[in-house]
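Each chain, letter by letter, is given below.
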Amino acid sequence: MTEKAYNKPIPDVDDPQMAPFWTAARDRRLTAQQCTSCKSYRYPALEICPTCLEQGAEWVDVSQEGTIWSFATYHRAFHPGFKEDLPYVVAIVENADGVRYTGRILGPRDDLAVGAKVRALFVDCTDRFTLPAWELLGA
Amino acid sequence: MDTNIRGKVAIVGIGHTAQGELPGQSPELNSVLAIKEAMKDAGIDRSALDGLITCKSVQGTNTDCQVGPLLGINPRYAQTLDYGTCNFSIHLAVQAIATGMADTVALCYGANARTMKFPFGFSAPNLAGVSGLMHVGGPAALALQRYKSLYGMTDEEFGWIAVGAREWARRNPIALFRDPMSMADYLAMDYLIEPLRRPDLTMVSDGGVSLILTSAERAADFPNKPVYILGMSEASQIRGEFTPSYLDREFLGLASRQIWNSTGLTQSDIDLLYIQDPTAFWVLQMIEHFGFASLGEGGKWLAEGHTLPGGSLPLNTNGGQLSECYMWGWMHIVEAVRQLRGVAGAERQVPGVEIAMYLSTQTWFKGGASIISTHKG
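Residues numbered from 1 in each chain as written. Chains lettered and ligands numbered in written order. Predicted model: local features only at pLDDT ≥ 70, side-chain atom pairs only at ≥ 80, totals over all residues. Heavy atoms only, no water.

**Observations regarding the overall build of chain A**
In terms of helices and strands, chain A carries one helix and eight strands. In chain A, the succession of α and β elements from N to C terminus is α-β-β-β-β-β-β-β-β. Relative to the 2.2 N^0.38 estimate, which gives 14 Å for 139 residues, the radius of gyration of chain A is 16 Å and therefore close to what a compact globule would have. Viewed in the frame of its principal axes, chain A has a C-alpha envelope of about 45 × 35 × 25 Å. With 139 residues in all, chain A has 45% of them scored as buried. Total accessible area on chain A is roughly 6800 Å²; 48% of this is exposed by carbon and sulfur atoms. Within chain A, one finds 15 positive and 19 negative side-chain charges whose respective centroids are separated by 5 Å. (Helix = DSSP H or I, 4+ residues; strand = E, 2+ residues; numbered from the N terminus. Rg over C-alpha atoms; globule rule 2.2 N^0.38 Å. Buried < 20%, exposed > 50% of the residue type's maximum accessible area, 1.4 Å probe, protein only. Areas by Shrake-Rupley, 256 points an atom, 1.4 Å probe, with all protein chains shown as cover. Lys, Arg positive; Asp, Glu negative; His and termini not counted. Charge placed at Lys NZ, Arg CZ, Asp CG, Glu CD.)

**Regarding empty space enclosed by the protein**
All names here are of chain B. All chains considered together, the criterion is met by one cavity of 30 Å³ or more. Approximately 70 Å³ is the volume found for the largest cavity. Residue lining of the largest cavity: Trp160, Ile161, Gly164, Ala165, Trp168, Asp277, Leu302, Thr307, Leu315, Asn316 and Leu322, and that is the complete set. Top element by residues in the lining of the largest cavity is helix 6 (residues 155-169). It accounts for five residues. Taken together, the residues that form the lining of the largest cavity break down as seven nonpolar, three polar and one charged. (1 Å grid on protein atoms, 1.4 Å probe; cavity = no way out; pocket = protein on both sides within 12 Å on 5 of 7 lines; lining within 4 Å. Points joined across faces, edges and corners; volume = space filled by probe spheres on them. Nonpolar A, V, L, I, M, F, W, Y, C, P; charged D, E, K, R; others polar.)

**Re unusual backbone geometry**
Residues and elements named next belong to chain A. Cis peptide bonds are those with omega within 30 degrees of zero, and the linkage from Tyr43 to Pro44 qualifies with -5°. Looking at where Pro44 falls in the secondary structure, it is placed in the loop between strand 2 (41-42) and strand 3 (57-61). In the segment running from Leu86 into Pro87, the intervening peptide bond is cis, with an omega of -15°. Mapping Pro87 onto the fold places it in the loop between strand 4 (65-74) and strand 5 (88-95).

**Details of the packing of aromatic side chains**
If you walk through the whole model with that rule in mind, you get 24 aromatic pairs over all chains. Measuring from centroid to centroid gives 6.2 Å for Tyr74 of chain A and Phe78 of chain A, while their planes differ by 90°, and the two rings are edge-to-face. Ring plane angle 45° and centroid distance 6.5 Å describe the contact between Phe281 of chain B and Trp282 of chain B, whose orientation is recorded as tilted. For the residue pair Phe281 of chain B and Trp282 of chain B, the accessibility class agrees, reading buried in each case. Each member of the aromatic cluster is reached from another via a ring pair, and the members are Tyr6, Phe21, Trp22, Tyr43, Trp59, Tyr101, Phe129 and Trp134 of chain A. Over the face of the ring belonging to Phe82 of chain A we find Lys8 of chain A, whose NZ or CZ atom lies 5.5 Å from the ring centre. (Phe/Tyr/Trp six-rings, centres within 6.5 Å; stacked < 30°, edge-to-face > 60°. Lys NZ or Arg CZ within 6 Å of the ring centre and 35° of its normal.)

**Section: the interface of chain B and chain A**
Interfaces are frequently sized by the accessible area removed from exposure as the parts join. Each side of the interface is counted separately: chain B has 29 residues, and chain A has 34 residues. Both sides together, the interface formed by chain B and chain A hides about 2700 Å², and carbon and sulfur atoms give 68% of it. Interface area lost by chain B to chain A is led by Leu127, Val130 and Phe242 of chain B, which between them contribute 24%. At the boundary of chain B with chain A, the tally comes to zero salt bridges. The interface formed by chain B and chain A holds 10 residue pairs in polar contact (both at pLDDT 80 or more) in total. The set of elements that each furnish at least two residues to the side of chain B that touches chain A consists of helix 4 (127-130), helix 5 (137-151) and strand 5 (191-194) of chain B. With six residues, helix 5 of chain B is the single largest residue contributor to the side of chain B that touches chain A. Grouping the constituent residues of the side of chain B that touches chain A by class yields 15 nonpolar, nine polar and five charged. Pairing between strand 4 of chain A and strand 5 of chain B: two bridges, direction antiparallel. Across the sheet, Tyr74 of chain A pairs through a bridge with Ile193 of chain B, a residue of strand 5 of chain B. (Contact = heavy atoms within 4.5 Å. Buried area = accessible area lost by both parts, 1.4 Å probe. Salt bridge = Lys/Arg side-chain N within 4 Å of Asp/Glu carboxyl O. Polar contact = N/O pair within 3.5 Å; in protein donor to acceptor, adjacent residues only side chain to side chain. Pairing = 2+ DSSP bridges.)

**Quick look at the packing of helix 5 of chain B against helix 10 (residues 280-289) of chain B**
Each pair of packed helices can be described by the angle between their axes along with the distance between the axes. All names here are of chain B. Contact pair helix 5 / helix 10: the axes reach a minimum separation of 9 Å and the direction vectors enclose 50°. Here helix 10 runs oblique to helix 5, going by the angle between their axes. Contacts from Pro139, Ala140, Ala143, Leu144 and Tyr147 in helix 5 reach Phe281, Trp282, Leu284, Gln285 and Glu288 in helix 10. When the residues that make up the contact of helix 5 with helix 10 are grouped by side-chain class, the tally is eight nonpolar, one polar and one charged. (Axes fitted to C-alpha atoms, helices over the stretch in contact; angles between N-to-C directions. Parallel < 35°, antiparallel > 145°, perpendicular 65-115°, else oblique.)

**Remarks on helix 1 (residues 27-42) of chain B**
Residue and element names in this part refer to chain B. Between the first and last C-alpha of helix 1 there are 22 Å, a value that for 16 residues agrees with the 22 Å anticipated at 1.5 Å per step. For helix 1, the complete set of buried residues consists of Pro27, Glu28, Asn30, Ser31, Val32, Ala34, Ile35, Ala38, Met39 and Ala42. Those residues of helix 1 hidden inside the fold are in contact with strand 1 (9-16), strand 2 (51-55), helix 2 (64-71), strand 4 (104-111) and strand 7 (207-215). At the exit of helix 1 stands Gly43, carrying a positive phi of roughly 70°. (Expected span 1.5 Å × (residues − 1).)

**Things to note about the nonpolar core**
What tends to happen in soluble globular proteins is that the nonpolar side chains get buried as a cluster. Residue and element names in this part refer to chain B. Core analysis: the largest hydrophobic core is formed by 84 residues, its most contacted members being Phe292 and Met357. When residues no more than four places from it in sequence are discounted, the contact partners of Phe292 are Trp260, Gln267, Ile270, Leu273, Ile287, Trp301, Leu313 and Met357. Counting 46 residues, the second-largest nonpolar core is a separate cluster that includes Ala93, Val105, Tyr109 and Trp328. (Core = buried A, V, L, I, M, F, W, Y, C linked by side-chain atoms within 4.5 Å.)

**Section: helix 6 of chain B**
All names here are of chain B. Under the 1.5 Å per step criterion, the end-to-end length of helix 6 is 21 Å for 15 residues, consistent within 8% with the ideal 21 Å. Where helix 6 bends most, the angle comes to about 35°, and this point is Ile161. For helix 6, the tally of buried residues reaches 12 of 15 residues, placing the bulk of the element in the interior. When we look at burial in helix 6, the residues that qualify are Asp155, Glu157, Phe158, Gly159, Ile161, Ala162, Val163, Gly164, Ala165, Arg166, Trp168 and Ala169. (Bend = angle between axes of the 7 residues up to and from the residue.)

**Quick word on the sheet that holds strand 10 (residues 355-362) of chain B**
All names here are of chain B. Here we have nine strands laid out as an open sheet, ordered 3-2-4-7-1-8-11-10-9, and mixed in their pairing. The open sheet has two edge strands, strand 3 (77-81) and strand 9 (272-275), and neither has a second partner. Averaged over neighbouring strand pairs, the angle between their axes works out to 25° when direction is ignored. The pairing of strand 9 with strand 10 spans four bridges and is parallel. Bridging from a neighbouring strand, Ile275 pairs with Leu359 of strand 10. The strands touched by helix 3 (residues 87-98) are strand 1, strand 2, strand 3, strand 4, strand 7, strand 8 (227-236), strand 10 and strand 11 (366-373); relative to strand 11, the strand with the most contacts, the crossing angle is about 65°. Set on the sheet, helix 9 (residues 252-263) makes contact with strand 8, strand 10 and strand 11; between it and strand 8 the angle comes to about 145°.

Dropping the structure here:
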């Protein structure tokens, strides 16, 4: 945890739809909703399964390894909290279960590329908010 | 059922406010001031209008019920579109006129996002937002990075969209960004959201714009050369980010096939191309999805100079949102009508143009296309 107060945007970790995701992140678990009927994954949360239109779902652990679909490197901070991180990288990652997450790429970037393999890591930002992010697997 | 709308409805009036900073003017006021100009252009007064279609401002205002009190009419047909980018508004007007629900319809858009300092960088605090994915440039940069990785387009090839827009804007007295920008200037600029540079992203400005549409029969009585709608199509990807690879916007291929199939026209029939340009990469995608260049070849095609002044298919001759003004694509149609009427002015009038195509999208959710011409058939 950083010494000074966390100054980037914070999600509503009590949001009834998404709270299980943020709670799991505190335990270093990456999760997605899974339809209890057809077993399709979905992320972020939806009130009904768009594959089979059944409502039952549970949050389940999913693979923490994935592939970069694409990435963008920010050279300007559109929120002051990101200034100290410039340039920073945001990527769309497809994990081994086929679930896509948009999140930060942290750590060394020498192997940053579309298709590069990544693994999840978890950054404790506040007492209640842990950010799931990604780091490149060494070449 | 006869679904052919070819030549049944025409644009008979165009109008707009000054573009730029209009402090103290609401989106609704800007809409009404633009409608006044469009009525003047069409040679009519409010008694001739029996339809109004407004496009919401980015703040969600400028609805028909908010514009109505200022415009002072109760037309029999009134609607508001959430994101009217001129295509969707034109399509709704054509449907209303072709079905007899209205005879003569004013379409309008008004915005004050610049002076109101609308927070375009703001993102919802979901995982992407708290991770720093902000501004429409973020998703566009993601899409462009993947494209470059797959197809190897160079920065210079891609840069022709922004550089070309500026070349056209330099010939347009309305345009807000008219300073010269060479390819060398462009390439020397830092990335904003890599691989996008500042000139690859829309400006933000205030203004209002309006069109007046009526039936082909009535259009003959108007003072200006009517510009007929020859074809129109739409496609959606309303599942949004739940659609795999949604940023590739492959759904636009459906809008493409529909408009070419329904009109019988081909890309080579198009004299002028207008593409709404919140980001330069959305333009490149539309060039490819609508078949002006094949997938992965758009950059090389641009570098051949087709879209530049003097080229065979001029693109966004007003300078677009990258260099003219920020009217969600509406000023593209105003410019297309001026070009087709032959009144775009000596500096940028393209000689002998008869058919223009206009393409626009609501990010990765919806897309639309229209083909317009001074000829009905």
